[in-house]
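# Structure at a glance
The residues making up each chain are set out below.
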Amino acid sequence: MTDTMTAPPREILARPGAGSVRGRAYARRLTRNLLVTLLVVVEVTPLLWLVLSSFKTQSEFVNDPAWSLPGNWDLHNYADAWTSGNVGLYISNSLLATVPSLALIIVLGTAAGFALEVMIWRGRHQVLLVFLLGIMVPSQMILLPLFRVYFQGGLSGTMWPLIITYTAVGLPLTVFMMATYFRAVPREIFEAATLDGASMLTAFWRIGFPVVRNAVFTVALVQFFFIWNDLLVSLTFTTDDSLRTVQVGLLNFTGQYGETAYGPLFAAISINVVGALVLYLLINQRIIKGLTAGAVKG
């Protein structure tokens, strides 16, 4: 009888109850949800303010508070931005500069990453270090020499200076990233392809490139935003209004007597930002897969 009535050990008495554990778990979830909500508000509020401001008139920008709502919800600012502001032309020029540059960066960068990581040859590590040194070269240092070269080569007044410069600037980072992704690919895949009689070119196009396609999407998106949002290179090499990209074109939204036309300007910025955001939302899952593809040894 005495044994059955013995008091429980102190360790059992000191052990926290289930209610306390649930309370701490609830507090952690609440804190995490509050932080996520705060982050969403910080991210969405400027975008929402930008879109709402694109419907305001010039007088509302000048006389009303910045947080006030527009009086009319028509699309005249978007129409002015597309026609008078030449946003359509600027977006076309940006596409003409971005798509060829991006294609060259992806093809050449992926092939170089394959050659540096999968193929075995003397000096490949030193060549990779040379590409890494290219990442550390500021683009501002090469603008003046490139401008002289393009002018003497007769390329001024075309889109070729932008395409060549974007490709050269984007290749070092792309080569380094693609070499990292190929490092995570099992070598047995390429060895089996070689035993089956596949050439190195066939192994690259039919095996290597499809295996790292998620990484290609990730690198392509990083380079796309770099090229699309560039202002310095485009402002340096575009001497004609018909060749200006969208970022340079946003500098030209001026009204009578040189004042800034805020309504069409905010409408043009909204077109640019929302379009890029929609593109990201469409392929964000591939980006997440690509970011984690080179993190582990597969």
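Since the structure is predicted, the reported quantities are computational estimates derived from the model, not experimental observations.

### Notes on the overall build of the chain
- Scanning the chain from N- to C-terminus turns up 15 helices and zero strands.
- Pairs at least 24 apart in sequence give 73% of the contacts found in the chain among residues at least 6 apart.

### Brief notes about the pattern of salt bridges
- Under the criterion given, the structure shown has three salt bridges.
- Here Glu117 and Arg187 are joined by a salt bridge, their closest N and O atoms 3.4 Å apart. Remark: Arg187 occurs in helix α9 (residues 187-195) and Glu117 occurs in helix α5 (residues 87-117); sequence separation between them is 70 residues.
- A relative accessible area of 14% places Glu117 in the buried class.
- Assessed through its relative accessible area of 23%, Arg187 is described here as partly exposed.
- One network of salt bridges, in which partners are shared, links Glu117, Arg183 and Arg187.

### A closer look at the side chain of Gln247
- Here Gln247 shows up in helix α13 (residues 246-249).
- At a separation of 3.1 Å, a polar atom in the side chain of Gln247 contacts the main-chain carbonyl oxygen of Trp228.
- Apart from the residues lying within four places of it in its own chain, the contact partners of Gln247 are Trp228, Asn229, Asp230, Leu231 and Asn272.

### Concerning a nonpolar patch on the surface
- Residues Leu133, Ile135, Met136, Leu173, Phe176 and Val222 make up a contiguous nonpolar surface patch of roughly 520 Å² in combined accessible area.
- Within the residue set of the nonpolar patch, elements represented by two or more residues are α6 (124-135) and α8 (160-183).
- By the element assignment, Leu133 lies in helix α6.

### A few points about helix α14 (residues 262-282)
- When the terminal C-alpha atoms of α14 are compared, their 30 Å separation across 21 residues agrees well with the 30 Å that a helix rising 1.5 Å per residue should span.
- Of all the positions in α14, only Gly263, Pro264, Leu265, Phe266, Ala267, Ala268, Ser270, Asn272 and Ala276 are classed as buried.

### Observations regarding the packing of aromatic side chains
- Evaluated as defined, the whole model comprises 15 aromatic pairs.
- Three or more aromatic residues joined by ring pairs make a cluster, and in this case those are Phe114, Phe182, Phe190, Phe204, Trp205 and Phe209.
- The cationic tip of Lys56 hangs over the ring face of Phe61; the distance from NZ or CZ to the ring centre is 5.8 Å.

### Regarding a positive patch on the surface
- Taken together, the side chains of Arg24, Arg28, Arg29 and Arg32 make up a positively charged region of the molecular surface.
- Looking at where Arg28 falls in the secondary structure, it is placed in helix α2 (residues 18-53).
- Accessibility expressed as a relative area gives 54% for Arg28, which makes it exposed.

### A few points about the layout of surface pockets
- Taken as a whole, the largest pocket holds about 250 Å³ of empty space.
- Taken together, 13 residues line the largest pocket, and the ones lying closest to its centre are Gly134, Ile135, Val137, Val169 and Gly170.
- Of the residues forming the lining of the largest pocket, the biggest block, five residues, is contributed by α8.

Calculation rules
Residues numbered from 1 in each chain as written. Predicted model: local features only at pLDDT ≥ 70, side-chain atom pairs only at ≥ 80, totals over all residues. Heavy atoms only, no water. Helix = DSSP H or I, 4+ residues; strand = E, 2+ residues; numbered from the N terminus. Contact = heavy atoms within 4.5 Å. Salt bridge = Lys/Arg side-chain N within 4 Å of Asp/Glu carboxyl O. Buried < 20%, exposed > 50% of the residue type's maximum accessible area, 1.4 Å probe, protein only. Polar contact = N/O pair within 3.5 Å; in protein donor to acceptor, adjacent residues only side chain to side chain. Patch = residues over 30% accessible without salt bridge, like charges linked within 9 Å, V, L, I, M, F, W, Y side chains within 5 Å. Areas by Shrake-Rupley, 256 points an atom, 1.4 Å probe, with all protein chains shown as cover. Expected span 1.5 Å × (residues − 1). Phe/Tyr/Trp six-rings, centres within 6.5 Å; stacked < 30°, edge-to-face > 60°. Lys NZ or Arg CZ within 6 Å of the ring centre and 35° of its normal. Lys, Arg positive; Asp, Glu negative; His and termini not counted. Charge placed at Lys NZ, Arg CZ, Asp CG, Glu CD. 1 Å grid on protein atoms, 1.4 Å probe; cavity = no way out; pocket = protein on both sides within 12 Å on 5 of 7 lines; lining within 4 Å. Points joined across faces, edges and corners; volume = space filled by probe spheres on them.

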